Amino acid sequence: MLSSSKHVDKRPESALMHRSLIEQPHEVLSASGSYLHLASGTSILDGCGGAAVAIIGHGNQEVISATLAQMQKVSYVHTLSYITSSAEDLASHILSVPPGGFQHGLEKAYFCGSGSEANDVAMKLARQYHFENGEPQRKWYVSRKQAYHGNSIGSMSVSSYLARKVPYEDGILLDKVSFVSPAYAYQYQCSDETEEQYVDRLIKELDDEFQRLGPENVISFIAEPVVGATSGCVPAPKGYFPGIRTLCSKYGILLHLDEIMCGMGRTGTYFAFEQENIAPDIVTIGKGLGGGYAPIAGVLMNKKVVDGLRRGSKAFNHGQTYQAHPVTCATALAVQRVVRREGLVERCGLIGMSLETLLRDAFGGCRFVGDIRGRGLFWGIEFVKNKVTKETFDPALHFGYNVQQNAFKLGLAVYPGAATVDGVRGDHVIIAPPYNISVLDLKKIVTLLKEAYLQEESKIDV
Ligand SMILES: *Cc1c(COP(=O)(O)O)cnc(C)c1O
């Protein structure tokens, strides 16, 4: 479901375990800038960077050179005994606050290989913090419905990607996890409710859940500042995150923000939480960190958390063979240097506004487009069968998936999504192009996507 487009393959069965045993993904021979070049001879405009990963596009020579140079210097050492400058420099690069920048209070970074791992690491870190802080009774994680945090046992336990969880629900996943409502105004704010009332209701629900569990038993609250794949680029209503921050602080519950998809500049600020004007305790980053050039993700922790470890065991009770890997760190650092030098976060914010205008102009009046939302270069279009009642399409119609498939045939990759609303119903597509995409290609994305949508619209009679 997550690959851009698939066809039934006639070649002998692959030795590689693909996502599907019957459908074969397309082979990509090369990629450069905002385009993928397929074995079939066609080129695809990459309007989603995979899953919002390729933030500086494909084939960047500077990143390739930096990767090679690090490989020639030192490709691997064990972090128990050695450090390398690339890992050190990446940590300081990410945590340094530029003059006039947002004071996030994050002090240290841990690097690993994927977002799922990063969230597991963050969950363990939060638990270790309380354990050593004299509160070993804290054993619960609180997360939100319609959120995705990864596919490992830990990160999946705090996710609500319902279809993927089915085989593990009964006794396999962590059981001390509870879920509250998403902050998803389009579907869940009542028609007679103001934004402020909606936020108050959500904060009260979280407080009630903390009370039910006993706030002294909760380790952390986990949330994506802008929800990514599950419901399609959903920013929270104004005041939600400040309310969450206050509530967590009141009870000593750590605030763990998952910026794996929405972070690293994607929303037009370096961290998505900057726009909420709050400082989290733990942040996980991934996707855009290596921009697709390296499998790398990270856990960032604030001073309070690090101080807890300083007072306690004076160690981080976690370690992995490939943590702070010299080469993946050098690669990510090269990506991040390109982003900073070329002012790409600012550009993302600026052309993000053009993208918003283009999308609203093209899709605003469309029969089945219920909502257009996002920030920066991170936009979701939610499709509904009825714009007044917000009734969704029958999931068997695969409306959103078909729009994505149509787009692919027209030469555009966008990221599809279903089960948008509640894990079963709903359709959306995500647009998340590289921050350095040309304005011409940005317009092309909207034009092709509109065509793909209209093809699907014309098949429905209501
Ligand atoms: C992709 C994603 C993850 C998981 O990252 P992987 O690298 O696929 O393990 C976690 N959280 C969010 C918000 C994501 O979008």
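Quick note: structure is the one above.
Residues numbered from 1 in each chain as written. Predicted model: local features only at pLDDT ≥ 70, side-chain atom pairs only at ≥ 80, totals over all residues. Heavy atoms only, no water.

Counting its regular elements, the protein contains 14 helices and 19 strands. A globule of 462 residues ought to have a C-alpha radius of gyration of about 23 Å, and the protein, at 22 Å, matches this closely. For the C-alpha atoms alone, the extent of the protein along its principal axes is close to 65 × 60 × 50 Å. When burial is assessed residue by residue, the protein has 56% of its 462 residues classed as buried. (Helix = DSSP H or I, 4+ residues; strand = E, 2+ residues; numbered from the N terminus. Rg over C-alpha atoms; globule rule 2.2 N^0.38 Å. Buried < 20%, exposed > 50% of the residue type's maximum accessible area, 1.4 Å probe, protein only.)

As for its placement among the helices and strands, Leu95 is situated in helix H3 (residues 85-95). Using a relative accessible area of 11% as the deciding quantity, one classes Leu95 as buried. Each C-alpha atom of the pair Leu95 and Leu300 lies 8.2 Å from the other, and the pair is 205 residues apart in sequence. Residue contacts for Leu95: discarding those within four places in its chain leaves His104, Leu106, Glu107, Lys108, Ala109 and Leu300. (Contact = heavy atoms within 4.5 Å.)

Near the ligand, the surroundings consist of Ser114, Gly115, Ser116, Asn119, Tyr148, His149, Gly150, Glu224, Asp258, Ile260, Met261 and Lys287. At a separation of 2.7 Å, a nitrogen atom of the ligand approaches a polar side-chain atom of Asp258. For the ligand, whose free accessible area comes to 380 Å², the fraction covered by protein is 82%. At three residues, the largest contribution of residues to the shell around the ligand is made by helix H4 (residues 115-132). (Near = heavy atom within 4 Å. Polar contact = N/O pair within 3.5 Å; in protein donor to acceptor, adjacent residues only side chain to side chain. Areas by Shrake-Rupley, 256 points an atom, 1.4 Å probe, with all protein chains shown as cover.)

End to end, helix H12 (residues 344-363) covers 27 Å across 20 residues, agreeing with the expected 28 Å (1.5 Å per residue, within 8%). Leu344, Val345, Cys348, Gly349, Ile351, Gly352, Leu355, Leu359, Ala362 and Phe363 are the residues of H12 that are buried. (Expected span 1.5 Å × (residues − 1).)

A separate point is the sheet that holds strand S3 (residues 28-32). Judged by pairing direction, the sheet is mixed, and its four strands sit side by side in the order S3-S4-S5-S17 without closing on themselves. Of all the strands in the sheet, the pair left with one neighbour each is S3 and strand S17 (412-413). Across two bridges, the pairing between strand S5 (residues 43-46) and S17 is parallel. Following the sheet pairing, Asp46 is matched in S17 by Ala413. (Pairing = 2+ DSSP bridges.)

Spatially, S15-S16-S19-S18 is the arrangement adopted by the four strands of the open sheet, whose pairing is antiparallel. Across the chains shown, the open sheet's two edge strands, defined by having one partner strand only, are strand S15 (369-375) and strand S18 (415-418). Averaged over all pairs of adjacent strands, the angle between their axes in this sheet comes to 20 degrees, without regard to strand direction. With four bridges joining them, S18 and strand S19 (residues 427-431) adopt antiparallel strand pairing. Looking across to S19, one finds that Ala418 is bridged to Asp427. Where H12 meets the sheet, it contacts S15, strand S16 (378-383) and S19, and its direction lies at approximately 15 degrees from that of S16. Contacting S15, S16 and S19, helix H14 (residues 439-457) runs over the sheet at an angle of about 165 degrees to S19. (Axes fitted to C-alpha atoms, helices over the stretch in contact; angles between N-to-C directions.)

Next up on the list: the pairing of S5. In this structure, strand S4 (residues 35-38) lies alongside S5, joined through three bridges in antiparallel fashion. Bridged to Leu36 within S5 is Ile44. Taking the residues between adjacent antiparallel strands as the criterion, S4 and S5 are bridged by four residues, where Gly41 takes a positive phi near 100 degrees.

This next bit is on the nonpolar core. Phe210, Phe221, Tyr240, Phe363 and Leu449 are the most contacted members of the largest nonpolar core, which has 94 residues in total. With eight residues, the single largest contributor to this core is H12. Structurally, this core is a two-domain feature, drawing no fewer than three residues from each of domain 1 (6-59 + 344-457) and domain 2 (74-341). The next biggest cluster of nonpolar side chains, apart from the first, holds 22 residues, and it includes Cys112, Ala126, Ile219 and Leu309. (Core = buried A, V, L, I, M, F, W, Y, C linked by side-chain atoms within 4.5 Å. Domains from an automatic or database assignment.)

Moving on: the side chain of Asn60. One can find Asn60 in the loop between helix H1 (49-52) and helix H2 (61-73). Take Asn60: its relative accessible area is 17%, and that puts it in the buried class. Engagement of the side chain of Asn60 in a polar contact is seen with the backbone nitrogen of Glu62, the distance being 3.0 Å. Within the local environment of Asn60, its side chain forms a polar contact with the backbone nitrogen of Val63, the two atoms lying 3.1 Å apart. If we skip the residues at most four places from it in the chain, Asn60 touches Tyr293 and Val338.

This part is about a nonpolar patch on the surface. On the surface, a cluster of nonpolar side chains totalling about 350 Å² of accessible area is made up of Ile153, Tyr168, Ile172 and Leu174. Locating Ile153 in the fold gives a position in helix H5 (residues 153-157). On the basis of relative accessible area, Ile153 is assigned to the partly exposed category, the value being 44%. (Patch = residues over 30% accessible without salt bridge, like charges linked within 9 Å, V, L, I, M, F, W, Y side chains within 5 Å. Salt bridge = Lys/Arg side-chain N within 4 Å of Asp/Glu carboxyl O.)

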